[in-house]
Amino acid sequence: MNYPKPGLVPGFGVSRLGKTGPPGARDSWHKRRNMKARVTVTLKSGILDPQGKAIEGALRSLGVAGVASVRQGKVFDIEIEGSDRAQAETLLKQAADKLLANTVIENYRVEVVG
Amino acid sequence: MKAAVLVFPGINRERDMARTLELVSGAKPAMVWHADTALPAGTDLVVIPGGFSYGDYLRCGAIAARSPIMGAVRAHAAKGGLTLGVCNGFQILCEAELLPGVLMRNENLRFICRDVYLRVERSDTPFTRGYNAGQVIRVPVAHGEGNYIADGESIARLEGEGRVLFRYSSPDGMIDPNWNHNGAINAIAGIVNERGNVLGMMPHPENHVEAVLGVTDGRGLFAGLVEALERAA
């Protein structure tokens, strides 16, 4: 993503108090605040998960009753620059496809949480 | 033979590999750093050694598979250049999608470090021409994630096209769950790509090449590669 760095472009991240400028320029810094996002990677059904099985067994031996099965996955909390949610989702999908998930064995879900 | 051994942060078997390549071929391989973008001119064999690239972070081999040098490796493989990935190297080739499937955590969840027996499935490839089809060799493994799996269609293709070169077996060549140490589907220990020029395998043939260690069964793979390259030249 090529967002300008604060101060490099007039009106971005620079205080405009007491200056004249185009309407709305003053709150451009707020618009650039980061969004929080989460990518959740889980094993596809049918893929054996020895780690999940081991955790399942450990829960049972700890006396945690009622656990039918455990599948282990991964969660990535990611900060995204800017405030464009649609763009953020595209970017997260790209990240998941390119690196975060191995789609041979894993599914993923992306959410922009705020 | 003009071999290049790739070096990633966290790789630790590159010197074993380099030593073996020099011992068998007589030529010192080039050691190529992961941040390089080109292989030395005239490279005819790329070897991705074993170890723990990037500490196995994210998934074994995932980050190494996306490092700058891999562009050059892809181009080398696309031209039909011989490429060998051992252990973490196999995981990296799968993550780079130069080979199908993935290496999962061993079925018994343990890191397995011991000698195993492999049945060589065919001898008519540059990687196995130093062996006879059906021959059983003894080589070491050292991995926690060697449990090979792929979707049903990929497995059917691998089997149908004879692309499984090595399987975990008993000392007399029987395929048996008791000798399939990591739980790999169809006891798969090593596979080649469609074109047959990229091999990935979990065991370490480079560690059984010197008589002083008692076993030299790994030598055939490297001697075969030297011969194949000489013939091609």
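Report follows, based on the coordinates. Counting restarts for each chain, with residues numbered from 1 along the sequence as it is written. Note on labels: chains are lettered from A, ligands numbered from 1, in written order. Local features in this predicted model are restricted to residues whose pLDDT is 70 or higher, and side-chain atom pairs enter the listing and the counts only when it is 80 or higher, whereas totals over whole chains, interfaces and linings include all residues.

**Quick notes on the sheet that holds strand S2 (residues 74-80) of chain A**
All names here are of chain A.
1) Next: DSSP calls a pair of strands paired once it identifies at least 2 bridges connecting them. Only DSSP runs of H or I with at least four residues qualify as helices, and only runs of E with at least two residues qualify as strands; both kinds are numbered from the N terminus onward. Within the open sheet, the 3 strands sit side by side as S2-S1-S3. Their pairing is antiparallel. Strands with a single pairing partner mark the edges of an open sheet, and in this sheet they are S2 and strand S3 (106-112). Strand-to-strand twist of the sheet, defined as the mean angle between neighbouring strand axes without regard to direction, takes the value 20°.
2) Next: The pairing of strand S1 (residues 35-43) with S2 spans 7 bridges and is antiparallel. For Val41, the partnering residue across the bridge sits in S2 and is Lys74. Angles run from 0 to 180 degrees between N-to-C directions of axes, and those axes are lines fitted to C-alpha atoms, restricted for helices to the stretch in contact.

**Concerning the nonpolar core**
1) Next: By our criterion, buried Ala, Val, Leu, Ile, Met, Phe, Trp, Tyr and Cys residues that link up through C-beta atoms within 7 Å make up a nonpolar core. Partly exposed residues are those falling between the two cut-offs: more than 12 but fewer than 20 other C-beta atoms within 10 Å of their own, whereas 20 or more means buried and 12 or fewer means exposed, with C-beta atoms placed from the backbone. In terms of nonpolar packing, the biggest core is built from 73 residues, with B:Val5, B:Leu6, B:Val47, B:Leu93 and B:Leu118 touching the most fellow members.
2) Next: Per element, the largest residue contribution to this core is 5 residues, and it comes from strand S1 (residues 3-7) of chain B.
3) Next: Listed in part, the 9 residues of the second largest apolar core include A:Ala96, A:Leu100, A:Tyr108 and A:Val110.

**Quick notes on the packing of helix H1 (residues 14-25) of chain B against helix H5 (residues 219-232) of chain B**
Residues and elements named next belong to chain B.
1) Next: It is the contact of H1 with H5, at a shortest axis distance of 9 Å, that shows an interaxial angle of 60°. Looking at the two axes, H1 sits oblique to H5. Between H1 and H5 the crossing geometry is right-handed. Along the contact surface, H1 presents Thr20, Leu21, Val24 and Ser25, while H5 presents Arg219, Phe222, Ala223 and Val226.
2) Next: Residue composition of the contact of H1 with H5, by class: 5 nonpolar, 2 polar and 1 charged. For classification purposes, angles smaller than 35 degrees are called roughly parallel, those larger than 145 roughly antiparallel, those between 65 and 115 roughly perpendicular, and all remaining angles oblique. Take the far helix as your reference; a near helix turned counterclockwise from it by less than a right angle gives a left-handed crossing, and one turned clockwise gives a right-handed crossing. The contact rule is simple: place each C-beta atom from the backbone, and if two of them lie within 7 Å, those residues are in contact. Nonpolar residues are Ala, Val, Leu, Ile, Met, Phe, Trp, Tyr, Cys and Pro. Charged residues are Asp, Glu, Lys and Arg, and all others, Gly as well, are polar.

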